[in-house]
Amino acid sequence: MHVPEWLPVERRAELVSACREWARGPVPLRHTALPGGGVMSVRTVCLGWHWQPYRYARTADDVNGARVAAFPDWLADLGRAAVAEAYQDDRAAEAFAPDTALINFYDDAARMGMHQDKEERSGAPVVSLSIGATCVFRFGNTEGRGRPYTDVELVSGDLFVFGGPSRFAFHGVPKVYAGSADPAAGMRVGRLNLTLRETGLR
């Protein structure tokens, strides 16, 4: 479900400010190293649980060994409001209990290859919030990285929620549009993407 410009500019600015604080640590924003030796072009900081390819842990053993920042209650409330808006279903919103956020920063050259979010032990939906530069979001199928897929332009403030039969669909970001950032929200360059998830872990 795509809800265009769901976040008002004031809320976008609050999230940008919070992301700047989280990016300083205790586990700082970093380029994630992949097992095959590659390095992701996006930079990531995590809350609640630290994601590294391809597992979650409470501590960032691939960065500095520190425990990641806590996942705040107010962000969980925002996630539930997002599910309520996307699905028009208060029961689904009440059942959503996100406990981690992966926050990705894209500069104009960054990309995200087609992948599945499958390290979680929960089938709860993924809530995705976009702030800053417009991107092409490629949303595919559950069988593989190729077609069929749909390209959607996500602009600052957009909400995208995927769950149910689409929960494990492959998806990626093949393009970020330079010069399309959101200065009113505090983003002069680049794009922030916050994904809120239930890990199903204890």
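Under an unreviewed UniProt entry, the name given to the protein chain is Alpha-ketoglutarate-dependent dioxygenase AlkB, and the source organism is Streptomyces durocortorensis. Of the comments in the UniProt record for the protein chain, the one headed Cofactor (unreviewed entry) reads "Fe(2+)".

This structure, assessed with the given rule, holds 7 aromatic pairs. When the centroid spacing of 6.0 Å and the interplanar angle of 15° are considered together, the rings of W22 and W74 count as stacked. Residue W22 is found in helix 1 (residues 9–23), and its partner W74 is found in helix 2 (residues 73–87); the two are separated by 52 residues along the sequence. Each ring, one from F160 and one from F162, has its centre 6.3 Å from the other, and the planes form 55°; the classification is tilted. Both residues of the pair, F160 and F162, count as buried. One cation-aromatic arrangement involves R58 over W49; the distance from NZ or CZ to the ring centre is 3.8 Å. Over the ring of Y106 we find R191, and its NZ or CZ is 5.0 Å from the ring centre.

To continue, consider unusual backbone geometry. Between G25 and the following residue, P26, the backbone shows a cis peptide bond with an omega angle of 25°. Of note, the amide linkage connecting R147 to P148 takes the cis form, showing an omega dihedral of 5°. Following the sequence through the fold, P148 ends up in the loop between strand 9 (135–139) and strand 10 (150–154). A positive phi angle, near 50°, is found at E5, a position not held by glycine. Positive phi outside glycine occurs at Q88, with the angle close to 50°. Within the fold, Q88 resides in the loop between helix 2 and helix 3 (90–95). Judged by its relative accessible area of 64%, Q88 is exposed.

Ordered by their spatial adjacency, 4 strands build an open sheet running 7-12-9-10, and the pairing between neighbours is antiparallel. The sheet terminates laterally at strand 7 (112–115) and strand 10, the two strands that pair on one side only. Direction aside, the axes of adjacent strands within the sheet are offset by 25° on average.

This part is about the environment of A181. Examined against the element boundaries, A181 turns out to sit in the loop between strand 12 (171–176) and strand 13 (191–197). For the pair A181 and D108, spaced 73 residues apart in sequence, the C-alpha separation works out to 9.7 Å. Apart from residues no more than four positions distant in its own chain, A181 is found in contact with G132, A133, M187, R188, V189 and G190.

A word on the sheet that holds strand 1 (residues 2–3). Taken together, the 7 strands give an open sheet; going across it, the order is 1-11-8-13-6-3-2, and neighbouring strands pair in antiparallel fashion. Of all strands in the sheet, those bounded by a partner on one side alone are strand 1 and strand 2 (30–33).

Counting through the fold element by element, E119 comes out in the loop between strand 7 and strand 8 (126–132). R197 is the oppositely charged side chain nearest to the buried, salt-bridge-free E119, at an N-O distance of 5.4 Å. Polar side-chain contacts of E119 include one of 3.0 Å to the side chain of W51. Setting aside its immediate chain neighbours within four residues, E119 contacts W51, Y54, R55 and Y56.

Parameters and conventions
Residues numbered from 1 in each chain as written. Predicted model: local features only at pLDDT ≥ 70, side-chain atom pairs only at ≥ 80, totals over all residues. Heavy atoms only, no water. UniProt positions renumbered as here; feature names shortened; annotations may be inferred. Phe/Tyr/Trp six-rings, centres within 6.5 Å; stacked < 30°, edge-to-face > 60°. Helix = DSSP H or I, 4+ residues; strand = E, 2+ residues; numbered from the N terminus. Buried < 20%, exposed > 50% of the residue type's maximum accessible area, 1.4 Å probe, protein only. Lys NZ or Arg CZ within 6 Å of the ring centre and 35° of its normal. Pairing = 2+ DSSP bridges. Axes fitted to C-alpha atoms, helices over the stretch in contact; angles between N-to-C directions. Contact = heavy atoms within 4.5 Å. Lys, Arg positive; Asp, Glu negative; His and termini not counted. Salt bridge = Lys/Arg side-chain N within 4 Å of Asp/Glu carboxyl O. Polar contact = N/O pair within 3.5 Å; in protein donor to acceptor, adjacent residues only side chain to side chain.

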